[in-house]
Amino acid sequence: MILIISLCKEKLHDLEFVKPIEKVVSSLGEKCSVKNYIEVAKTDLEKADKVLLSGTSLMDFDYFNHMDKFSWLKDCEKPVLGICAGMEIIVHEFGGKIEGDGKKVKDKVEIGANSVNFEKDFLGISKGKHKVYSLHQLGVRKVGKNFEVYAKSNKGIQAIKHRSKGIYGVLFHPEVYNHEVIENFVKIN
Amino acid sequence: MRLGVLFSGGKDSVYSAYVAKTMGYELSCLISVYSKNKESFMFHTPSIRKTKFQAKVMGLPLVIRETEGRKEDELKDLETAIKSAKEKYKIGGIVTGAIGSVYQASRVQKICDEAGLECFNPLWQKDGNAYLAELLDNKFEVILTGVFAYPLDNKWIFRKIDKKFIAEMDVLNKKYKIHPAGEGGEFETFVINCPLYSRSLKFCGGKIIKEGENAFRGEIKLK
């Protein structure tokens, strides 16, 4: 079972940032369960085989006020994929630095189709330039020492992975373009 | 949160408003951009000037902005309309009926970002067939007011979306890659009745105009 954790403050945004992820996961015949990050209990994490952290809207930074809700990440031995805001949380929890700390950084804003250069293969995306869908106002200044950068756009870091654990992050939205990222994450043994 | 609905009168904008309302959000106004350009990238919808009839039965004020429909200028006109709706109706966000068009969705996202408004796309990435069935389940009466892709022709104009339509679209999707919900611009629609209306609009036929080899537009008459 895949646990999809919604980072959306507004319930209406779940339809835009969570439902499309659920659609890709379900298309593989995988069962999933959805919980908002405020409501996630220890038992939800125990029951899950893998965890996906969703993105949220451009103006929603509410998760920065509740970082204590993600303290489980540091000890998590299960595969985790963070999308957009989900990646920012992973970066933050593992000692990296987010540009702006919850406030819009004008020169980091990316909205729409965008080109990203993958320095090596990443969850089904091969090395080289790829089109992605971006929707974010913040950027990643640096990742923690246990993380490796896999892809960058001209505005900064776009894909990361923990050096020894199955913890991944993408700043772009693979539920729009690049479904293979979610599909390959779901298929990890 | 008070919301303004980016409103063309077609199934996607009306249904997205319906979804927002059923989830407890307050609809404060509708926003329509009337484009003079039939090839408009953002706003070419055959029945756009009929949105005032829908606004009336929805009991909502309608913010109208006319645009010449030139590619980037029409976005400035949309921005003006959204900003004036924000000021007049104190909205905190915009709802759109975007399903899959990154071109349209990202432009509205940018305008909302500049205007300091939340942007909601409740139909984003929705499956076409499931969506059409959902429209019927929720008692939406929708007719086609334009077709713009082979093999759709004038016989499809004013057809109602019903179970037969969904079955036929499924066949056309497999054979000709027609998107079942018309997301590729294959067809345009108009909502005659839905749970947001105080009464049904009366559709009294209309004129079918040929606009090109595989393009027909229906000018509907309403009471």
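Residues numbered from 1 in each chain as written. Chains lettered and ligands numbered in written order. Predicted model: local features only at pLDDT ≥ 70, side-chain atom pairs only at ≥ 80, totals over all residues. Heavy atoms only, no water.

A. Quick look at the sheet that holds strand S9 (residues 147–153) of chain A. Residue and element names in this part refer to chain A. Ordered in space as S2-S1-S3-S4-S11-S10-S9-S6-S7, the nine strands form an open sheet in which the pairing is mixed. Lying at the two open borders of the sheet, with one neighbouring strand each, are strand S2 (32–36) and strand S7 (128–136). Taken pair by pair, the neighbouring strands of this sheet meet at an average axis angle of 25 degrees, ignoring direction. Here helix H4 (residues 85–93) sits on the sheet and contacts strand S3 (50–53), strand S4 (80–83), S9, strand S10 (156–162) and strand S11 (167–170); the angle it forms with S4, its principal contact strand, is near 120 degrees. (Pairing = 2+ DSSP bridges. Helix = DSSP H or I, 4+ residues; strand = E, 2+ residues; numbered from the N terminus. Axes fitted to C-alpha atoms, helices over the stretch in contact; angles between N-to-C directions. Contact = heavy atoms within 4.5 Å.)

B. Representation of the interface of chain B and chain A within the structure. Between chain B and chain A, the contact holds 22 residues from the first and 23 residues from the second. Between chain B and chain A, roughly 2,000 Å² of surface is buried when both sides are summed, and carbon and sulfur atoms account for 60% of that area. By the criterion of area lost to chain A, the three top residues of chain B are B:Asp113, B:Trp124 and B:Gln125, representing 28% of everything that side buries. For the pair chain B and chain A, the interface holds zero salt bridges. Seen at the junction of chain B and chain A, the total is nine residue pairs in polar contact (both at pLDDT 80 or more). At the level of secondary structure, the elements contributing two or more residues to the side of chain B that touches chain A comprise helix H1 (11–22), helix H4 (102–115) and strand S5 (118–120) of chain B. If you tally residues by element for the side of chain B that touches chain A, the top one is H4(B), at five residues. Grouping the constituent residues of the side of chain B that touches chain A by class yields 12 nonpolar, five polar and five charged. (Buried area = accessible area lost by both parts, 1.4 Å probe. Salt bridge = Lys/Arg side-chain N within 4 Å of Asp/Glu carboxyl O. Polar contact = N/O pair within 3.5 Å; in protein donor to acceptor, adjacent residues only side chain to side chain. Nonpolar A, V, L, I, M, F, W, Y, C, P; charged D, E, K, R; others polar.)

C. The arrangement of the pairing of strand S9 (residues 215–222) of chain B in detail. Residues and elements named next belong to chain B. With six of eight residues buried, S9 is to be regarded as a mostly interior element. The sheet contact formed by strand S6 (residues 141–147) and S9 spans two bridges and is antiparallel. Each bridged residue has a counterpart across the sheet, and for Gly146 the counterpart in S9 is Arg217. As paired elements, strand S8 (residues 203–212) and S9 share seven bridges and run antiparallel to each other. Residue pairing for S9: Phe203 is matched across the bridge by Leu222. As consecutive antiparallel partners, S8 and S9 are separated by two residues. (Buried < 20%, exposed > 50% of the residue type's maximum accessible area, 1.4 Å probe, protein only.)

D. Molecular detail of the pairing of strand S1 (residues 2–6) of chain A. All names here are of chain A. Along S1, five of the five residues are buried, which leaves the element largely enclosed by surrounding structure. Across the two faces of S1 the burial is the same, with Ile2, Ile4 and Ser6 and Leu3 and Ile5 all buried. As defined by bridge partners, S1 adjoins S2 across five bridges and the pair is classed as parallel. What sits directly across from Ile4, in S2, is Val34.

E. Layout of the domain arrangement of chain B. Residue and element names in this part refer to chain B. Here chain B is partitioned into domain 1 (2–120) and domain 2 (140–222). Residue-level contacts link 23 residues of domain 1 with 25 residues of domain 2. Taking both partners together, domain 1 and domain 2 bury about 2,100 Å²; carbon and sulfur atoms supply 68% of that area. Between the two partners, domain 1 and domain 2, sit zero salt bridges. Those elements that provide at least two residues to the side of domain 1 that touches domain 2 are H1 and helix H2 (51–58). Sort the elements by how many residues they give to the side of domain 1 that touches domain 2 and H1 lands first, with seven residues. Residue composition of the side of domain 1 that touches domain 2, grouped by class: 10 nonpolar, eight polar and five charged. (Domains from an automatic or database assignment.)

F. Structural view of the packing of aromatic side chains. All names here are of chain A. The tally for this structure, following the rule as stated, stands at 19 aromatic pairs over all chains. Ring centres of Phe122 and Tyr168 lie 5.8 Å apart, and the angle between their planes is 75 degrees; on these two criteria the pair is classed as edge-to-face. Placement of the pair is Phe122 in the loop between strand S6 (110–118) and S7 and Tyr168 in strand S11, with a sequence separation of 46 residues. Ring geometry for Tyr133 versus Tyr177: centroids 6.5 Å apart, planes at 80 degrees, classification edge-to-face. Placement of the pair is Tyr133 in strand S7 and Tyr177 in the loop between S11 and helix H5 (179–187), with a sequence separation of 44 residues. A residue is classified by how much of its surface remains accessible, and Tyr133, at 3% relative accessible area, is buried. Taken together through their ring pairs, the aromatic side chains of Phe118, Phe122, Tyr150, Tyr168, Phe172 and Phe185 make up a single cluster. (Phe/Tyr/Trp six-rings, centres within 6.5 Å; stacked < 30°, edge-to-face > 60°.)

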